[in-house]
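# Examining the three-dimensional arrangement
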Amino acid sequence: SYNSTNKSLIGKCVEDSNSKCFEPSSVFKGDFARSYFYLATAYWNEWSCCDTEGVNGSDIKTWMENSLRVWHLNDPVDDNERARNNEIYSNWQHNRNPFIDHPEWVDQISNF
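Below is a short write-up of the structure. (Residues numbered from 1 in each chain as written. Predicted model: local features only at pLDDT ≥ 70, side-chain atom pairs only at ≥ 80, totals over all residues. Heavy atoms only, no water.)

A separate point is the pattern of salt bridges. In total, this model carries eight salt bridges according to the counting rule given. In this structure, the salt-bridge partner of Lys-61 is Asp-51, at a minimum N-O distance of 2.7 Å. Here Asp-51 lies in the loop between α1 (26–42) and β4 (55–56) and Lys-61 lies in the loop between β5 (59–60) and α2 (62–74), a separation of ten residues in the sequence. Here Lys-61 falls in the partly exposed class, since its relative accessible area comes to 27%. For Asp-51, a relative accessible area of 54% gives the class exposed. In this structure, the salt-bridge partner of Asp-101 is Arg-96, at a minimum N-O distance of 2.7 Å. Overall, Asp-101 belongs to the partly exposed group, its relative accessible area being 33%. Residue classification places Arg-96 among the partly exposed residues on the basis of a relative accessible area of 28%. Because the salt bridges share partners, they merge into one network encompassing Asp-31, Arg-34, Glu-81 and Arg-84. (Salt bridge = Lys/Arg side-chain N within 4 Å of Asp/Glu carboxyl O. Helix = DSSP H or I, 4+ residues; strand = E, 2+ residues; numbered from the N terminus. Buried < 20%, exposed > 50% of the residue type's maximum accessible area, 1.4 Å probe, protein only.)

Okay, structure coming up:
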């Protein structure tokens, strides 16, 4: 396992796995989680590839979704994340991550 200077980690994904996973620093975990939730929702049934340790296409596997939900709760949306969402909307993609604007929506979706 590897610990970076910003407290991000590389190590085993799950106990029974030989694969390695990246775990962001706690101050970014909610940001990552909301990004995954956005991608799973925006591209639902669009991606049919990529059955990997944590996702299958646009579906987040249960073990990973459970972790992401905890990350989302423990690292709420902050001003930096709102500013990034505004920047992406205003100057780049002209769309927004609804889970940044409405973090409560995560609890209204039972399965990503």
